[in-house]
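The residues making up each chain are set out below.
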Amino acid sequence: QARELHEGTDYAVVLSLPVGFVHLSQYLRGYEQWLMDIVLNPAFLDALMDRALDWWLALAGTVLEEVGPYMDVVAFGDDVAFHDRPMVDLGRYRRLFKPRHQKMIDLLKSKSGARVLYHCCGAVKSLIPEFIDIGVDALNPVQVSSAGMDDTAALKAEFGDRICFWGGIDTQRILPLGTPEEVRADVRRRIADLAPGGGFVVAPVHNIQEDVPPENIVAMADAAWEMAGMVSTAREKG
């Protein structure tokens, strides 16, 4: 099926893998205890994350042995930030998370020609250079309600030539609580900020929830298509 889609259609074929070792070890340990382990029981946490990483690498490797040549994008999520700051300081990020995520991305790229889409919610601006360094091609979701993430023009100016941004339409306030015109304005702003030169996939920050009015979903889609037409016309005019 993957080969048929890759070779016989113009669809981008996306493989969505399970969450990574950060979340897996949190689920196994319990979130509060996991956070305390970072400081109080680091040797145990290292061992736990390594076991979770080994499982993930084995699973991803087995899947990519079958479908790797036919994938255009491989996606996984592993949050390392809160709403207002990264989950740990930069030193701990580089010791605990970065080398293990590097192993994950190295595996994905060694077994496919796909781009890597990494999902990490929250206030990740200070970590984007780290993500680029380990080979992340696209960052989802650009959670604009989180600290440091609302200035999407600044994100584009600083990082847009090295990473693709995927998301950006606010699901915390604009989509559920805004008017259709506010939704359209938000879509226009994010596309104007993030799309120039390519490297932007317009999408909601997170999955659209049941409290979002249908007219706001339509407004989002209409504004995106409208802006796509404007960008296309501009390119045709040179």
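Residues numbered from 1 in each chain as written. Predicted model: local features only at pLDDT ≥ 70, side-chain atom pairs only at ≥ 80, totals over all residues. Heavy atoms only, no water.

Here's the deal with the pattern of salt bridges
Evaluated as defined, the whole model comprises 20 salt bridges. The shortest N-O distance in the salt bridge between D84 and R85 comes to 2.7 Å. Residue class for D84 comes out partly exposed when judged on its relative accessible area of 44%. Judged by relative accessible area, which is 48%, R85 ranks as partly exposed. Between E181 and R188 there is a salt bridge whose closest N-O contact spans 3.1 Å. In this structure E181 comes out as partly exposed when scored by relative accessible area, which is 44%. Its relative accessible area of 26% is what places R188 among the partly exposed residues. (Salt bridge = Lys/Arg side-chain N within 4 Å of Asp/Glu carboxyl O. Buried < 20%, exposed > 50% of the residue type's maximum accessible area, 1.4 Å probe, protein only.)

Comments concerning the packing of aromatic side chains
Applying the stated criterion across every chain yields a total of eight aromatic pairs. Between W34 and F97, the aromatic rings sit 6.2 Å apart at their centres with planes inclined by 5 degrees, giving stacked as the arrangement. Residue W34 is located in helix α3 (residues 31-40), and its partner F97 is located in helix α5 (residues 90-110); the two are separated by 63 residues in the primary sequence. Aromatic pair Y93 and F97: ring centres 6.2 Å apart, planes at 75 degrees, arrangement edge-to-face. Of this pair, Y93 and F97 both sit in helix α5, four residues apart, roughly one helical turn. Exposure remark for Y93: the relative accessible area of 1% places this residue in the buried category. For F97, a relative accessible area of 0% puts it in the buried group. An aromatic cluster of at least three residues, connected via ring pairs, comprises F21, Y31, W34, W56, F76, Y93, F97, Y118 and F131. (Phe/Tyr/Trp six-rings, centres within 6.5 Å; stacked < 30°, edge-to-face > 60°. Helix = DSSP H or I, 4+ residues; strand = E, 2+ residues; numbered from the N terminus.)

Notes on the side chain of D46
Considering the arrangement of structural elements, one finds D46 in helix α4 (residues 42-67). Relative accessible area serves as the criterion here: at 19%, D46 is assigned to the buried category. Beyond its immediate sequence surroundings of up to four residues, D46 is in contact with R95, L96 and R100. (Contact = heavy atoms within 4.5 Å.)

Re the sheet that holds strand β1 (residues 14-16)
If you walk across this open sheet you meet the six strands as β1-β2-β3-β4-β5-β6, and the pairing is parallel. Each having just a single partner strand, β1 and β6 (200-204) make up the two edges of the open sheet. When the angles between neighbouring strand axes are averaged without regard to direction, this sheet yields 25 degrees. Here strand β5 (residues 164-169) pairs with β6 via five bridges, running parallel. Opposite W166, over in β6, you have V201 as the bridge partner. The strands that helix α9 (residues 180-194) touches are β5 and β6; relative to β5, the one it contacts most, it runs at about 165 degrees. (Pairing = 2+ DSSP bridges. Axes fitted to C-alpha atoms, helices over the stretch in contact; angles between N-to-C directions.)

A look at the pairing of strand β3 (residues 115-119)
Relative to β3, strand β2 (residues 73-77) runs parallel, the two sharing five bridges. The partner of V73 across the bridge, within β3, is R115. Taking the sense of rotation as the criterion, the β-α-β connection linking β2, α5 and β3 turns out right-handed. After leaving β3, the chain enters helix α6 (residues 128-133) and then returns to the sheet as strand β4 (residues 138-140), a path that is right-handed. (Right-handed = clockwise from strand over helix to strand, strands pointing away.)

Details of α9
Over its 15 residues, α9 extends 21 Å from the first C-alpha to the last, a length consistent with the 21 Å expected when each residue adds 1.5 Å. Those residues of α9 not exposed but buried are V183, D186, V187, R190, I191, D193 and L194. With its buried residues spanning 165 degrees around the axis, α9 presents them on a single face. (Expected span 1.5 Å × (residues − 1). Arc of directions from axis to C-beta.)

Focus on the packing of α3 against α4
Relative to each other, α3 and α4 sit at 120 degrees, their axes nearing to 6 Å. Here α4 runs oblique to α3, going by the angle between their axes. Of α4, the residues touching α3 (which contributes W34, D37, I38, V39 and L40) are P42, F44, L45 and M49. For the contact of α3 with α4, the class distribution of residues is eight nonpolar, no polar and one charged. (Parallel < 35°, antiparallel > 145°, perpendicular 65-115°, else oblique. Nonpolar A, V, L, I, M, F, W, Y, C, P; charged D, E, K, R; others polar.)

Read these as geometric descriptors, not functional statements.
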